[in-house]
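As a plain string of letters, each chain reads:
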Amino acid sequence: MSGGRTVAAVRDVSFTLAAGQCLALVGESGCGKSVLASALLGLLPGNAQVRGAVHTDGRELLAADEDVLAREVRGRRIGLIPQSPAGHLTPVRTVRSQLAETVRELTGVRGSGLPDAVAAAAARAAFPSDHLDRYPHELSGGLAQRAATALALVGDAPLLIADEPTTGLDRELVDRTVDELRRHADDGRGLLVITHDLSAAARIADRVAVMYAGRVVELADAKGFFGSPGPRHPYAAGLLAALPEREFTPIPGMPPELDALPEGCAFAPRCGRASAACARRPELTDGLACHHALDPAHA
Ligand SMILES: Nc1ncnc2c1ncn2[C@@H]1O[C@H](COP(=O)(O)OP(=O)(O)OP(=O)(O)O)[C@@H](O)[C@H]1O
Ligand code: NI
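Just so it is clear, the model here is predicted, and its values are computed rather than measured.

So, the domain arrangement of the chain
Structurally, the chain comprises domain 1 (17-51 + 60-205) and domain 2 (226-299). The gap between the C-alpha centroids of domain 1 and domain 2 is 31 Å. In this complex, domain 1 contributes 8 residues to the contact, which on the side of domain 2 involves 9 residues. A per-residue breakdown of the area domain 1 buries against domain 2 is headed by E28, L198 and A202, which together make up 69% of the total. Across the domain 1-domain 2 interface, the total number found is 1 salt bridge. A salt bridge links E28 to R270; its shortest N-O distance comes to 3.2 Å. Taken together, domain 1 and domain 2 are joined by 2 residue pairs in polar contact (both at pLDDT 80 or more). Among the elements that make up the side of domain 1 that touches domain 2, the one with the highest residue count is helix α8 (residues 198-204) (4 residues).

Here's what the structure looks like:
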């Protein structure tokens, strides 16, 4: 998209997310997770081309007008915890004033009830009350993350997209945040969590989508994926094997450049199971895009 190049950052992605469910979207840096999140919310830059359909509440979002998205969808129907919270907070206003405005707008609470509602909103994301009068530039990365999370939770939107919601948090806060997000789903709402943190994904998700080079290569139940029988796509198996608490074996090689993708399976150059068949791109079928899927039951 820059310098006249066209980058196919996300292709052929299709999934459903039911109320009460959490889907974790995982994959290496640059595979297209955040571009997908931005596309769902109509937040891609003006020169981006998006095709397809996004249905929520019986409404198609990709064709919706910007003012409809801004007025009725973002925050109200779909909440977003952005990947770069610092850039998302308004720099000239304190956290308290931003939270108060969002609480007023999305919950209708005003007047004497407002201070308590603001305090409660901050507490949900473990944002310390004695930091509420700070400006965004006075916050550490972890505090900015918690402020952005507090803002995103206010509307209790039917769908919440959390893009790397645990960045910059220590382990205890990661667990707290994950549990708060999980509650969002348990209350009957949808949750799409984008994360590098596979142990956070295992803790929170009902289903997992593994992305590689702009495509979903495996879509599976989280329990079977992280436990038994385990992942079926060799890339997904490699991601899990790279974890320190597992084999600690990194996947050899690097992901491909998105403007120079091979015709066939994009993972084949790094895959120990690749064969001539992989010159033909595998379609996602029954939750799997691979010609040589692992069959854990017979491994
Ligand atoms: N505006 C843009 N112009 C050109 N390329 C872009 C643009 N936005 C994103 N990309 C490219 O799209 C690809 C996917 O980026 P994206 O941010 O979605 O990755 P990601 O999976 O979220 O990675 P990370 O885990 O690091 O956040 C990257 O190769 C990125 O360079
Ligand atoms: Ni990202």
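Brief notes about the site of ligand 1
Around ligand 1, the structure places 14 residues, and the nearest of them are S29, G30, S34, V35 and Q83. In this structure, K33 approaches ligand 1 through a side-chain N or O atom, which is 2.8 Å from an oxygen atom. Taking S34, its side chain carries an N or O atom lying 2.8 Å from an oxygen atom of ligand 1. In the complex, the protein chains occlude 69% of the 640 Å² of accessible area that ligand 1 would expose alone. Looking at the shell around ligand 1 residue by residue, the classes come out as 6 nonpolar, 6 polar and 2 charged.

Notes on the coordination of the nickel ion (ligand 2)
The coordination sphere of the nickel ion (ligand 2), as far as protein atoms go, consists of S34 (OG) and Q83 (OE1), spread over 1.9 to 2.1 Å. With 4 donor atoms in place around the nickel ion (ligand 2) and angles of 75 to 165° between them, the coordination shape is square planar. A residue pair is termed long-range when its members are at least 10 positions apart, and S34 in helix α1 (residues 33-40) and Q83 in the loop between β4 (78-81) and α3 (85-88) qualify at 49 residues.

Let's talk about the sheet that holds strand β1 (residues 22-26)
Read across the sheet, 6 strands follow the order β4-β5-β6-β1-β7-β8 without closing on themselves; strand pairing throughout is mixed. Two strands bound the open sheet, and with one partner strand each, they are β4 and β8 (215-221). Geometrically, the sheet is characterised by an average inter-axis angle of 15° between neighbouring strands, direction not taken into account. In this sheet, β8 lies alongside strand β7 (residues 207-212) in antiparallel orientation, the contact comprising 6 bridges.

Thresholds, definitions, all that
Residues numbered from 1 in each chain as written. Chains lettered and ligands numbered in written order. Predicted model: local features only at pLDDT ≥ 70, side-chain atom pairs only at ≥ 80, totals over all residues. Heavy atoms only, no water. Domains from an automatic or database assignment. Contact = heavy atoms within 4.5 Å. Buried area = accessible area lost by both parts, 1.4 Å probe. Salt bridge = Lys/Arg side-chain N within 4 Å of Asp/Glu carboxyl O. Polar contact = N/O pair within 3.5 Å; in protein donor to acceptor, adjacent residues only side chain to side chain. Helix = DSSP H or I, 4+ residues; strand = E, 2+ residues; numbered from the N terminus. Near = heavy atom within 4 Å. Areas by Shrake-Rupley, 256 points an atom, 1.4 Å probe, with all protein chains shown as cover. Nonpolar A, V, L, I, M, F, W, Y, C, P; charged D, E, K, R; others polar. Donors = N, O, S within 2.8 Å, 3.2 Å for Na, K, Ca; no water. Tetrahedral: all angles 85-135°; square planar, octahedral: opposite > 155°, others 65-115°. Pairing = 2+ DSSP bridges. Axes fitted to C-alpha atoms, helices over the stretch in contact; angles between N-to-C directions.

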